[in-house]
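# Coordinates in review
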Amino acid sequence: MTVLKPTDNELLSGILAGDEEAFAALYRRRQGGIYRFALQMSGSTALSEDVTQEVFMILMRDDFNYDASRGPLQAFLIGIARNLIRQRLGREQFYVSMDDEQEGGSVSDRLYADDCPLEELSRGETIESIRKAVLSLPARYREVVVLCELQELSYADAAGILQCAIGTVRSRLHRARGMLIEKLRPQTTIEPAPDRVKQARCFA
Amino acid sequence: MNCERFQDVISELARESMMEAAERTTALEHAAQCRSCAANLEQEQRLSEGLRALAQEMSSLSASADVEARVLQAFRERKTTPVVVPLPVRRSRTRYWAAAIAAALLIVFGLFVLKAQLGRQPDKTAETLPSPKSVDTPVGGSVQQPETPKDRPRNEVVNNSGGSAPRRHRRIENRKPTIPDANQAVAATTNKQQRAEEVVTDFFPIGYVNATSLQEGGQLLRVELPRAAVARFGLPVNMDRPGDRVKADVLVGTDGLAQAIRFVQ
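Residues numbered from 1 in each chain as written. Chains lettered and ligands numbered in written order. Predicted model: local features only at pLDDT ≥ 70, side-chain atom pairs only at ≥ 80, totals over all residues. Heavy atoms only, no water.

### Focus: the sheet that holds strand E5 (residues 245-253) of chain B
Read across the sheet, four strands follow the order E3-E6-E5-E4 (chain B) without closing on themselves; strand pairing throughout is antiparallel. Looking at the sheet topology across the chains shown, the edges are occupied by strand E3 (204-205) and strand E4 (218-226) of chain B. (Pairing = 2+ DSSP bridges. Helix = DSSP H or I, 4+ residues; strand = E, 2+ residues; numbered from the N terminus.)

### Examining the side chain of Thr52(A)
Checked against the element boundaries, Thr52(A) lands in helix H3 (residues 45-59). Here Thr52(A) falls in the buried class, since its relative accessible area comes to 0%. There is a polar contact of 2.7 Å between the side chain of Thr52(A) and the backbone oxygen of Ser48(A). Not counting chain neighbours up to four residues away, the residues in contact with Thr52(A) comprise Gln31(A), Ile34(A), Tyr35(A) and Ala63(B). (Buried < 20%, exposed > 50% of the residue type's maximum accessible area, 1.4 Å probe, protein only. Polar contact = N/O pair within 3.5 Å; in protein donor to acceptor, adjacent residues only side chain to side chain. Contact = heavy atoms within 4.5 Å.)

### Observations concerning the state of the cysteines
Any covalent bond linking the sulfur atoms of two cysteines counts as a disulfide. Residue and element names in this part refer to chain B. Applying the stated criterion across every chain, the model contains zero disulfides over all chains. Cysteine Cys3 remains unbridged, with the sulfur of Cys37 as its closest cysteine sulfur at 3.6 Å. Taking the relative accessible area as the measure of exposure, Cys3 reaches 36% and is therefore partly exposed. The thiol sulfur of Cys34 is not disulfide-bonded, and the nearest other cysteine sulfur, from Cys37, lies at 3.6 Å. By relative accessible area, Cys34 is classed as buried at 16%. (Disulfide = S-S within 2.5 Å.)

### Notes on helix H9 (residues 166-184) of chain A
Here H9(A) contains 19 residues, and its C-alpha end-to-end distance of 27 Å stays within 8% of the 27 Å for a straight helix at 1.5 Å per residue. Within H9(A) the residues assigned to the buried category are Val169(A), Leu173(A), Ala176(A), Arg177(A), Met179(A), Leu180(A), Ile181(A) and Leu184(A). (Expected span 1.5 Å × (residues − 1).)

### What about the confidence of the model for chain B?
All names here are of chain B. Looking at chain B as a whole, its pLDDT mean stands at 70, while 61% of the residues score no less than 70. In this model residues 124-183 is a low-confidence stretch, pLDDT under 50, and it forms 100 contacts with partners more than four residues away in sequence or in other chains. Across the assembled chains, the prediction reports ipTM 0.75 with pTM 0.52. (pLDDT = per-residue confidence, 0-100.)

### Examining the environment of Val223(B)
By the element assignment, Val223(B) lies in strand E4. When the C-alpha atoms of Val223(B) and Val246(B) are compared, they prove to be 8.4 Å apart, with 23 residues separating the residues in sequence.

### Examining the packing of H9(A) against helix H1 (residues 3-15) of chain B
Viewed as axis vectors pointing N to C, H9(A) and H1(B) meet at an angle of 85 degrees, and their least axial separation amounts to 10 Å. Judged on the interaxial angle alone, H1(B) and H9(A) are roughly perpendicular. Only Gln7(B), Asp8(B), Ile10(B), Ser11(B), Glu12(B), Ala14(B) and Arg15(B) of H1(B) make contact with H9(A), whose side of the interface consists of Arg170(A), Leu173(A), His174(A) and Arg177(A). (Axes fitted to C-alpha atoms, helices over the stretch in contact; angles between N-to-C directions. Parallel < 35°, antiparallel > 145°, perpendicular 65-115°, else oblique.)

### Description of the interface of chain A and chain B
Every contact between the two is made by 43 residues of chain A and, on the other side, 35 residues of chain B. In total, about 3,800 Å² of surface goes out of reach between chain A and chain B, with carbon and sulfur atoms giving 60% of it. The tally of links between chain A and chain B comes to five salt bridges. Taking the shortest distance from any N to any O, the salt bridge between Arg170(A) and Glu12(B) comes out at 3.8 Å. The interface formed by chain A and chain B includes 17 residue pairs in polar contact (both at pLDDT 80 or more). Among the elements of the structure, helix H2 (20-42), H3, helix H6 (123-135), helix H7 (139-150) and H9 of chain A are those that each provide at least two residues to the side of chain A that touches chain B. Ranked by residues supplied to the side of chain A that touches chain B, first place goes to H2(A) with eleven residues. Grouping the amino acids of the side of chain A that touches chain B by side-chain chemistry returns 23 nonpolar, seven polar and 13 charged. (Buried area = accessible area lost by both parts, 1.4 Å probe. Salt bridge = Lys/Arg side-chain N within 4 Å of Asp/Glu carboxyl O. Nonpolar A, V, L, I, M, F, W, Y, C, P; charged D, E, K, R; others polar.)

### Some words on the nonpolar core
With 67 residues, the main nonpolar core has Phe23(A), Val55(A) and Val145(A) as its most contacted residues. In terms of residues, this core owes the most to one element, H2(A), which gives eleven residues. The residues that make up this core include at least three from each of domain 1 (8-89) and domain 2 (109-197) of chain A. Not counting chain neighbours up to four residues away, the residues in contact with Phe23(A) comprise Ile15(A), Phe56(A), Leu59(A), Met60(A), Val71(B), Leu72(B) and Phe75(B). Of all hydrophobic cores here, the second largest spans 16 residues; its members include Ile206(B), Leu221(B), Val223(B) and Val230(B). (Core = buried A, V, L, I, M, F, W, Y, C linked by side-chain atoms within 4.5 Å. Domains from an automatic or database assignment.)

### Here we look at the confidence of the model for chain A
Averaged over every residue, the pLDDT of chain A is 77; residues scoring 70 or more account for 73%. Note that residues 188-204 of chain A has pLDDT below 50 and, in this model, eight contacts with residues that lie over four places away or in other chains.

### Remarks on the pairing of strand E6 (residues 258-264) of chain B
All names here are of chain B. A large share of E6 lies buried, amounting to seven of its seven residues. Here two bridges tie E3 to E6, and the two strands are oriented antiparallel to one another. The residue of E6 that forms the bridge with Phe204 is Ile261. Taken together, the six bridges between E5 and E6 define a ladder with antiparallel strand orientation. For Lys247, the partnering residue across the bridge sits in E6 and is Val264. Where E5 folds back onto E6 in an antiparallel hairpin, the turn is made up of four residues, including Gly256, whose phi is positive at roughly 85 degrees.

Here is the structure:
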């Protein structure tokens, strides 16, 4: 005899009735996705934990108004997390310079060595370089990559979270992927200099 | 399929998203023939692999146990404090419709009154005050004793919150001073002569006119207003000189609120 796990909505009803077990179950089920979304968006573990905590604090409020007909609870919670992250970071404020954080040459120089891009790097280096490239994207492109590629949400769910059209999600993702490829492309025309000047980025 | 069209679908192709089988076939055929597009597709596919690897590596990450402890503690504290759950407010559309209809009726009524006032204006604007005494006679007939200068100094600036007329620089003259000295008596005589030559309009109600207050009496106050204020009551104004000031009589009820206004020329 198999015991069916309660759905999110059933747990939510229990939470509203004051059931701590229901709250703990929902937290354990959904906190990981929220934490990872925050981490992939911000790159900061401390901020991600704060955001995760704040999302569930909001969840236990009485004025928490989730409408199940408008989408899954996870998407709703990620939407709250997104707003919190934007408040913390500000628009287009959080950037990680890839050149600043690398030693012994830029990631792109090593990533696309010779004619075999990505192949000569170890798996760990590849993942780390892509993580930094994602973090360096402007926020509106970063969030579609995080939602559609890393969280593996559908275009429809991502559009619901971002409150935009599905076509907008699609076009932003296409553009973001192009930007990622450009960021990971080797800069062959630049001679390696002993003292690399930190490049100012233009986000116009 | 050409290269431009191929670029449109390259992301979907690399992500192995759902797409039409025919389009997918033609795109792959194009990549087999075009070296540049094939290289781009390979880059996109490698990017997808890298993103999948990143997602997989992060899939085990979660918030620390401290966060869970803090959140559960907050939930327990919330349970111990009584919670007042507000009743859901039912907002029916009929209330909005009723309000909209009421607003529309109010606007129509206002326009009707305004039109009636404008229709009577040519006859009434030529009205001349018969005597200075009539100027000071309130609508209700029984005049209450005016305030003494001690109660309200002359040229007091009043902020009238009860009316819709402009609020700044309303200089009020006490229309019935107490027994004046000789100079004041001469000045009063001069004022009466001036008023005998004045042409006035009808009274225009200011905001909500309290009929009870008017029956109890009131007081006329002479003020000066910008010319633009005349236009607010629907009277023709020479807007070449909007900054000029015009005289007006404000009828103040016993409750101290402005009830009506008329303009003086």
